[in-house]
Amino acid sequence: MSVHIQDSPARAYREAGEAKNVDAIMSTLAPDVVFHSPLSATAGFHGYEQVRELFTAAMGALSDLRYHTDVGDERTRMLAATARLGRQEIEESVLLHLDDQGLIKEITMWIRPLPGLTAMMAALGPALARATGKPGLPLLVSAATKPLVAMTRLGDRTLVPLLTKREHRS
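Definitions and limits used
Residues numbered from 1 in each chain as written. Predicted model: local features only at pLDDT ≥ 70, side-chain atom pairs only at ≥ 80, totals over all residues. Heavy atoms only, no water. Salt bridge = Lys/Arg side-chain N within 4 Å of Asp/Glu carboxyl O. Helix = DSSP H or I, 4+ residues; strand = E, 2+ residues; numbered from the N terminus. Buried < 20%, exposed > 50% of the residue type's maximum accessible area, 1.4 Å probe, protein only. Axes fitted to C-alpha atoms, helices over the stretch in contact; angles between N-to-C directions. Parallel < 35°, antiparallel > 145°, perpendicular 65-115°, else oblique. Contact = heavy atoms within 4.5 Å. Nonpolar A, V, L, I, M, F, W, Y, C, P; charged D, E, K, R; others polar. Pairing = 2+ DSSP bridges. Core = buried A, V, L, I, M, F, W, Y, C linked by side-chain atoms within 4.5 Å.

1. Regarding the pattern of salt bridges
Under the criterion given, the structure shown has seven salt bridges. Two residues, Glu91 and Arg112, come together in a salt bridge whose shortest N-O distance is 2.3 Å. Separated by 21 residues along the polypeptide, Glu91 in strand S5 (residues 88-98) and Arg112 in strand S6 (residues 104-112) bring together distant segments of the chain. Residue classification places Glu91 among the partly exposed positions, given a relative accessible area of 34%. The class for Arg112 is partly exposed, based on a relative accessible area of 48%. Taken together, the shared-partner salt bridges connect Arg14, Asp70 and Arg77 into one network.

Here's what the structure looks like:
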């Protein structure tokens with residue numbers, strides 16, 4: 001079944017993402033689209049070129065992306081999905097704002113749990129750094145993200161259970 005963006009921009013975006021079809025995702029976006037990163041308040045991606053680089057890297061890293069929730073109206077949609085990033089399961093929520101033509105003009109994304117977010121940063125950071133053409137930047141980004149990934153995995157696996165599993169006292 002083929003979904004046309006005119007019928008449902010959010011559905012077309014979801015189906016393109018699940019199919020890992022970057023061209024189809026891009027067809028749902030306004031030329032001046034803005035993507036607000038879940039990693040940083042200062043990191044944003046503006047326009048087709050930057051957003052295409054981001055989605056190309058993301059679709060190369062993610063597997064089993066499945067949207068399970070889509071709520072909102074004709075101007076604003078909130079989507080929720082699950083995916084895998086290597087062995088790490090992640091959940092994402094994405095807020096879509098649509099323009100007058102029904103194209104997505106703004107995307108704000110959240111990813112959980114924290115080990116999944118840092119794994120996403122480690123997977124996408126070097127690829128995005130390579131796209132800048134700055135020598136050494138991919139290596140620097142990779143070196144900076146690896147300790148964060150290790151610390152959040154350790155914390156999630158070891159420290160969080162110590163904090164959340166308490167004995168019941170009578």
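2. Regarding the packing of helix H4 (residues 114-132) against helix H5 (residues 137-164)
Following both chains from N to C, one finds H4 and H5 inclined at 175°, their axes separated by 8 Å at the closest point. Of the possible angle classes, the one that applies to H4 and H5 is roughly antiparallel. Contact residues: Leu114, Pro115, Thr118, Ala119, Met121, Ala122, Gly125, Pro126, Ala129, Arg130 and Thr132 in H4; Leu137, Pro138, Val141, Ser142, Thr145, Leu148, Val149, Thr152, Arg153 and Asp156 in H5. Here the contact of H4 with H5 is composed, by residue class, of twelve nonpolar, six polar and three charged.

3. Some words on the pairing of strand S4 (residues 76-85)
Taken together, the seven bridges between strand S3 (residues 63-72) and S4 define a ladder with antiparallel strand orientation. Looking across to S4, one finds that Val71 is bridged to Met78. What sits between the antiparallel neighbours S3 and S4 is a turn of three residues. The pairing of S4 with S5 spans ten bridges and is antiparallel.

4. A word on the nonpolar core
Counting 36 residues, the largest nonpolar core has Tyr13, Phe55 and Ile107 as the members making the most contacts within it. For this core, the element with the most residues is helix H3 (residues 47-61), which contributes six residues. If we ignore the near neighbours within four places in the chain, the residues touching Phe55 are Tyr13, Val22, Ile25, Leu29, Phe35 and Ile107.

5. Notes on helix H1 (residues 9-18)
Since the α-helix advances by 3.6 residues per turn, residues separated by three or four positions end up pointing in the same direction. Of all ten residues making up H1, seven are buried, and the element is well covered by its neighbours. Within the sequence span of H1, burial applies to Pro9, Ala10, Ala12, Tyr13, Arg14, Ala16 and Gly17. Where H1 is buried, its residues contact helix H2 (22-26), H3, S3, S4, S5 and S6. Backbone geometry just after H1 places Lys20 at a positive phi near 55°.

6. Remarks on the sheet that holds S6
Adjacent strands of a sheet pair through backbone hydrogen bonds, lying either parallel or antiparallel. Across the sheet, which stays open at both edges, the six strands sit in the order S2-S1-S6-S5-S4-S3 with mixed pairing between neighbours. Each of the sheet's edge strands pairs with one partner strand only, and the pair in question is strand S2 (44-46) and S3. Strand after strand, the sheet turns through a mean of 20° between neighbouring axes, direction not considered. Strands in contact with H1 are S3, S4, S5 and S6; relative to S3, the strand with the most contacts, it is inclined by about 170°.

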